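If you want the building blocks of each chain, they are given just below.
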Amino acid sequence: MSLRLFNTMSHQKEEFIPREEGKVAMYTCGPTVYNYFHVGNGRMLVVFDMIRRYLLYKGYDVTFVQNFTDIDDKIINRGNEEGMDPLKLAEKYIEEYFKDAKALNLMTASIHPKATDHIPEMIEIIKGLEESGLAYAVEGDVYFAVDKLPTYGKLSGRTLEDMQAGARVEVEERKHNPMDFALWKSAKPGEPYWESPWGKGRPGWHIECTAMSLKYLGAGFDIHGGGGDLVFPHHENEIAQSEGYLHGETFARYWMHNAFLTVNQQKMSKSLGNFFTVREILEHFPGEVIRFYLLGTHYRSPLDFDDENLRMAQKGLERLQTSIRLADEALGRQVEKPVDNAEDQKLIVAAEEAQREFESAMDDDFNSALAYASLFELGKVINAHVQAYPYNSVGLQKARTALWELADVLGIDLAHPANNAEAGNEKLDQVMDLLLEVRAIARKKKDWEMSDLIRDRLKDLGIVLEDTPQGARWTIK
Ligand code: AMP
Ligand code: ZN
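Read on for a plain summary of the structure. (Residues numbered from 1 in each chain as written. Chains lettered and ligands numbered in written order. Predicted model: local features only at pLDDT ≥ 70, side-chain atom pairs only at ≥ 80, totals over all residues. Heavy atoms only, no water.)

**Observations regarding the sheet that holds strand β13 (residues 303-304)**
This is how the line gets drawn: Note: two strands are recorded as paired if DSSP finds a minimum of 2 bridges between them. Secondary structure elements are defined from DSSP: runs of H or I of at least 4 residues count as helices, runs of E of at least 2 residues count as strands, and each element is numbered from the N terminus.
Strand order in this open sheet of three strands is β12-β11-β13, and the pairing throughout is mixed. Strands with a single pairing partner mark the edges of an open sheet, and in this sheet they are β12 (266-267) and β13. Two elements, strand β11 (residues 261-263) and β12, share two bridges in a ladder whose sense is antiparallel. Across the sheet, V263 pairs through a bridge with Q266, a residue of β12.

So, in C-alpha cells, the structure goes:
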C-alpha cells in the first residue's frame, strides 16, 4: 500500500511521492539549546524519529537533517543570567541533548548542523534577497519585505491583513511593513557577533533553517517538519526567504507538524515555565517508557501530559516485553510433546496479520497509536500459545520475530526491562498493586498507623514508596 501523509500546506492527506525515487530528504527544526529539552520537545523528536524509521522500513534511503539553534535571544539572556558565554552554554546543552536523545532511543541525524557554523551561507542568501529587492537594510539590520512576495502566508493560510489584525505587532519605524521580519540583527554591546556586509551582527532565527536545509538537502527536498507552533511565523518565513531566494522554485514539498504536548491543556513550553525536562522524568521512568507513551497518541492529536498515563504506558510496554520473554523461554525449551501443527499455523497467520495491520496503520499518516493495537494483539496470541505449548516451534519463532521487529520499527526495544529489577515479574506487580490498594483504603480511613506500617515494612524490603498526586508509586532500590 502506498504511504499517505498529512501535508500542512494542502491541509489534507496526500500520497507520498519522493523527489527522487527511493530517497527521502528530510529536515526538522531541532531544539534551541539553552536548557535540557522538555517532554514537549521530546514529543517532536520522537515523532520525527518514528517517521524516519518507518521510511527506512519502507526501503527508502533517508537523509535526516536536524539542526541546533545555538544562537538567539534566549540563549544570550540565559548566558548572561548564568555569567556564561552564550556560545559555551549552547555547547553544553548540545552535549546534554545527546544523552537524553540516547535514553529516548533517537537515532543520530545524518547531519546535526549548528546555526553558528553556517553564518557565511546565511549571509549569501540575505545578499541574494537584497539584490532581488525582497530585503532591505536599515542601520545594520536587514528585514524581509513580506509584501514584495505575493505568496506570503500560503502555509498558514493567512493574508497579510489577517496577520496584522491578529498579531499585536509593535510598530517599528524601521520596518516598511509591521510584518517584515529580521534576517540579520545588528549586534548590541556585549552580544556575540559576526562580521557581515551590514556590519557586526547575528542572524535572525528563520534564516538559519533556510541556509542549512538548502545546503544539505537542496531545493524541493521532501519533508520539512517541526512542532505546530512553527507553522507561523517560523516556517512561513522560511518559505518566504527560501522561495524568494530560489526565484519561486519550491523549497520543501511536504510540511509535517506534530500537535503539542500540553499541561492542563496549555502548551508545554520553556517560556511559560510549565515544563518537565526529559532529564527529570528519566529519574522516575525509563526512556523507553517515555517513548512508548509519546507514540501512543497519533502525532497530530494533542496529548496532555499526565503521570498516570505514563504509568499506564509502562504497564502496556511491560505486557509486550513479557510476551517476548515468555516466547524466549519457550523457544529455549525442546519439544516434549509436539506442538499441534494447526496451532502453530495460527501463530504464522497472526504474525502476518499483525504486520499487515501495522503497515496499514503506519501508511495512513504514521498512525503509531493504531499500530500499537497490532502489537498487543500479537502479544496476546503468543501468551495464549505458550501456555499450551511452551516449546520451540516455527510458528512461535515467526510470531516472536514479528513482534520484536515491528516494535523496533517504532524504535521500541522490547528487550529493555521497563521497570528496574521488577520488570517481567508480573506476580510482584500484582501483589504491589494489591498492597497499594490496601494502603490507599487505610489512608482514606485516616488509619495512618497501617499506612506507615506498610510503607516502612516495604522500605525494609528495599521497596520505596512515593506518594504523588496521582497515587503512590513504588521502585526497588
Ligand atoms: P524549541 O526548543 O522551542 O526551538 O523547540 C524545538 C522543537 O520542539 C520545535 O520543533 C518545536 O515546535 C517543538 N516543540 C516545542 N514545544 C512543544 C510542545 N509542547 N509539544 C510538541 N512539540 C513542541
Ligand atoms: Zn527551523
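**A closer look at unusual backbone geometry**
The omega torsion across F232 and P233 is 5°, close enough to zero to call that bond cis. Inspection of the secondary structure assignment puts P233 in helix α7 (residues 231-245). With a phi angle near 60°, H11 is a residue other than glycine that sits in the positive phi range. Here H11 is to be found in the loop between β1 (4-7) and β2 (12-15). The phi angle at E139 is positive, at roughly 45°, despite the residue not being glycine. If you trace the backbone, E139 turns up in the loop between β5 (135-138) and β6 (141-144).

**Remarks on the packing of helix α2 (residues 73-82) against helix α3 (residues 86-103)**
Packed helices, taken two at a time, are described by their axes: the angle between them and the distance between them. What counts, and what does not: Axes, fitted as lines to C-alpha atoms, cover a helix only where it is in contact. Angles between the N-to-C directions of the axes lie from 0 to 180 degrees. Relative orientations are named as follows: roughly parallel for angles under 35 degrees, roughly antiparallel for angles over 145 degrees, roughly perpendicular for angles from 65 to 115 degrees, and oblique for any other angle. Any two residues whose heavy atoms approach within 4.5 Å are treated as being in contact. Gly is placed with the polar residues, together with every amino acid not listed as nonpolar (Ala, Val, Leu, Ile, Met, Phe, Trp, Tyr, Cys and Pro) or charged (Asp, Glu, Lys and Arg).
Axis separation between α2 and α3 bottoms out at 8 Å; the angle between their running directions is 100°. As summarised for this structure, α2 and α3 are arranged roughly perpendicular, according to the angle between their axes. Contact with α2, carried on its side by I75, I76, R78, G79 and E82, involves P86, L89, A90 and Y93 of α3 and no other residues of that element. For the contact of α2 with α3, the residue count by class is six nonpolar, one polar and two charged.

**Remarks on the site of ligand 1**
Here is the rule: Near is defined per residue: the residue qualifies when any heavy atom it owns lies within 4 Å of the molecule or strand. Think of a polar contact as two N or O atoms within 3.5 Å of one another; within protein, one of them needs to be a possible hydrogen donor and the other a possible acceptor, and neighboring residues in sequence only count if both atoms come from side chains. The method behind every accessible area is Shrake-Rupley, applied with a 1.4 Å probe, and residues are considered shielded solely by the protein chains displayed.
Close contacts around ligand 1 come from 19 residues, with T32, G227, D229, L261 and M268 the closest. At a separation of 2.8 Å, an oxygen atom of ligand 1 approaches a polar side-chain atom of T32. In this structure, a nitrogen atom belonging to ligand 1 sits 3.3 Å away from a side-chain N or O atom of N258. If ligand 1 stood free it would expose 490 Å²; the protein chains cover 93% of that surface. A per-element tally of the shell around ligand 1 places helix α1 (residues 39-57) first, with three residues. Taken together, the residues of the shell around ligand 1 sort by class into eight nonpolar, eight polar and three charged.

**As for the nonpolar core**
Just so we agree on the cut-off: Here, nonpolar core means buried Ala, Val, Leu, Ile, Met, Phe, Trp, Tyr and Cys residues that are tied together by side-chain atoms lying within 4.5 Å of each other. Each residue gets one of three labels from its accessible area relative to the maximum for its type: buried under 20%, exposed over 50%, partly exposed in between, using a 1.4 Å probe on protein chains only. What counts as a domain boundary in this text is fixed by an automatic or database domain assignment.
Core analysis: the biggest nonpolar cluster contains 82 residues, and L55 and F366 have the highest contact counts within it. Sort the elements by how many residues they give to this core and α1 lands first, with 10 residues. Shared between two domains, this core holds at least three residues of each, these being domain 1 (4-258) and domain 2 (307-409). When near neighbours in sequence (up to four residues on either side) are disregarded, L55 contacts L3, F16, V24, M26, Y60, V62, I223 and F366. Residues A135, Y152, M179 and L217 belong to the second largest nonpolar core, which totals 45 residues.

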